[in-house]
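# Chain and residue survey
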Amino acid sequence: MQIKNSAVSMIIEAENQKELEEIKLQFLGRSGRLTLTLKEITKVPAEKRAIVGRLANEVKNVIEETLEEKKLTLGSQISNQQKQSIDITNPGIKPDIGHLHPMTQVLYEVADIFKQIGFQAADGPEIETDYHNFEALNIYKDHPARDTQQTLYLDTRDSKSNPGEIILRTQTSNMQIRIMEKFTPPLRVIVPGKVFRYEQTDASHGFEFWQFEGFAVDKNIRFTDLLGVLDYFVKKFFGENTKIRFASHNFPFTEPSLEGHISCITCKGKGCRFCKFSGWVEVLGAGMIHPNVLKRMNINPSKYQGFAFGTGLSRLVTLRYQMNDLRLLTDPDLRILEQF
Ligand SMILES: [Zn+2]
């Protein structure tokens, strides 16, 4: 007992690792006080030997445990001291902070502009049936409009689908059909998404690009509602002074159809290389949803009307930032991306 008490108090008072080592030797070393006591056990009468032995072992354990604990506290004190000696006047290492890709920034912004007038965003499949991408949108098997959308077909040899039935969607308009299949009017929906076409890539074409589609179906929807929504959008996105003009166009799933041009952002309509000296740049396609499309979705076209519009999201980005090459957007070059 006496050995235990003096050992423990010495350990607690020890100030460094070296002192601890000395205390350890003094009690547990080859000729340490406890070691010698244990050797004396043989001299104890046999009937008391077991009790004395157990007691001695307990003392040994207590000393060892206290030693370990003290070692740890001394260790952490040392590392605290080391921490305090760090030179805080050294210049720090500034971590690089990333940000959203310009495409994503524009996507969020466009979605917000349409949300303000009651549109909801929807997402849909990129692998699509010929029916949803073409047939239901009034583009039949032999329709010449198919030639303008070079299609990537999926290999259907090991599936139940017929050859040519499963494709990578060429336009986000497939979602007009999918949403009208599931929900009844009134509908106000925007669909941002990736589309795919079998095309040579150049400064203004890619085989994979982002489209932005929107449509509304309700009672009393007029052509002027469409024009108003588009005017609202370009003014919000490109600035209040942006002008929009419309030209007639043709899409199989809208009637009448139009193309929207905005006054050139670069030259404000005076004419420059960016707008090919016309003062205007094409920005979107739109029209009133064809009655055949509504009928196929079991929506009565004499009660309900709708409009739809679509644009390339990358087109919006390149127009806004006056970039002359679409491919810069998919280039992982940080010198480009850090500018946004
Ligand atoms: Zn211009």
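Whatever comes next refers back to the structure up there.
What you see is a predicted model; the values in this text were computed from it and never measured.

### Some thoughts on the pairing of strand E8 (residues 280–289)
Among the 10 residues in E8, 8 count as buried, and that is most of the element. Bridge count for strand E7 (residues 254–263) against E8 is 8 bridges, and the pairing is antiparallel. Residue pairing for E8: Ser257 is matched across the bridge by Gly287. One ladder, built from 4 bridges, connects E8 with strand E9 (residues 305–312); its direction is antiparallel. Each residue of the ladder has a partner; that of Ala286, found in E9, is Phe309.

### Structural notes on the coordination of the zinc ion
In ideal tetrahedral geometry, four donors around a metal make angles of 109.5 degrees, whereas ideal octahedral geometry with six donors gives angles of 90 or 180 degrees. The coordination sphere of the zinc ion, as far as protein atoms go, consists of Cys264 (SG), Cys267 (SG), Cys272 (SG) and Cys275 (SG), spread over 2.2 to 2.3 Å. Coordination at the zinc ion comes from 4 donor atoms whose angles at the metal span 105 to 113°, giving a geometry best classed as tetrahedral. In primary sequence terms, the donor set of the zinc ion follows C-x2-C-x4-C-x2-C. We classify Cys272 as buried; its relative accessible area is 13%.

### As for empty space enclosed by the protein
The full count for this structure, using the stated rule, is 1 cavity of 30 Å³ or more. The calculated volume of the largest cavity comes to roughly 40 Å³. Residue lining of the largest cavity: Val110, Phe114, Phe212, Leu230, Phe233, Leu284, Phe309, Thr311 and Leu316, and that is the complete set. For the lining of the largest cavity, the secondary structure elements donating two or more residues are helix H5 (102–115), helix H8 (223–238) and E9. Across the lining of the largest cavity, the residue classes tally to 8 nonpolar, 1 polar and no charged.

### A closer look at a negative patch on the surface
A cluster of acidic residues, Glu15, Glu19, Glu21 and Glu22, forms a negative patch on the protein surface. By the secondary structure assignment, Glu19 is in helix H2 (residues 17–28). According to the relative accessible area criterion, Glu19 is partly exposed, its value standing at 31%.

### Comments concerning the packing of H5 against helix H10 (residues 313–320)
To characterise two packed helices, one gives the angle between the axes of the helices and the distance between these axes. For the pair H5 and H10, interaxial distance at closest approach is 10 Å and the crossing angle is 105°. The angle between H5 and H10 places the two elements in the roughly perpendicular class. Residue-level inspection shows Pro102, Met103, Val106, Leu107, Glu109 and Val110 of H5 in contact with H10, the latter providing Leu313, Ser314, Leu316, Val317 and Arg320. Tallied by class, the residues present in the contact of H5 with H10 amount to 8 nonpolar, 1 polar and 2 charged.

### Looking at the sheet that holds strand E5 (residues 208–218)
Sheet architecture is open: 7 strands sit in the order E1-E4-E5-E9-E8-E7-E6, paired in mixed fashion. Of all strands in the sheet, those with a lone pairing partner are strand E1 (120–121) and strand E6 (244–251), marking the two edges. Strand direction decides the pairing type here: E5 and E9, joined by 8 bridges, are antiparallel. Pairing of Val217 across the sheet is with Gly306, part of E9.

Rules of the game
- Residues numbered from 1 in each chain as written.
- Predicted model: local features only at pLDDT ≥ 70, side-chain atom pairs only at ≥ 80, totals over all residues.
- Heavy atoms only, no water.
- Buried < 20%, exposed > 50% of the residue type's maximum accessible area, 1.4 Å probe, protein only.
- Helix = DSSP H or I, 4+ residues; strand = E, 2+ residues; numbered from the N terminus.
- Pairing = 2+ DSSP bridges.
- Donors = N, O, S within 2.8 Å, 3.2 Å for Na, K, Ca; no water.
- Tetrahedral: all angles 85-135°; square planar, octahedral: opposite > 155°, others 65-115°.
- 1 Å grid on protein atoms, 1.4 Å probe; cavity = no way out; pocket = protein on both sides within 12 Å on 5 of 7 lines; lining within 4 Å.
- Points joined across faces, edges and corners; volume = space filled by probe spheres on them.
- Nonpolar A, V, L, I, M, F, W, Y, C, P; charged D, E, K, R; others polar.
- Patch = residues over 30% accessible without salt bridge, like charges linked within 9 Å, V, L, I, M, F, W, Y side chains within 5 Å.
- Areas by Shrake-Rupley, 256 points an atom, 1.4 Å probe, with all protein chains shown as cover.
- Salt bridge = Lys/Arg side-chain N within 4 Å of Asp/Glu carboxyl O.
- Lys, Arg positive; Asp, Glu negative; His and termini not counted.
- Charge placed at Lys NZ, Arg CZ, Asp CG, Glu CD.
- Axes fitted to C-alpha atoms, helices over the stretch in contact; angles between N-to-C directions.
- Parallel < 35°, antiparallel > 145°, perpendicular 65-115°, else oblique.
- Contact = heavy atoms within 4.5 Å.

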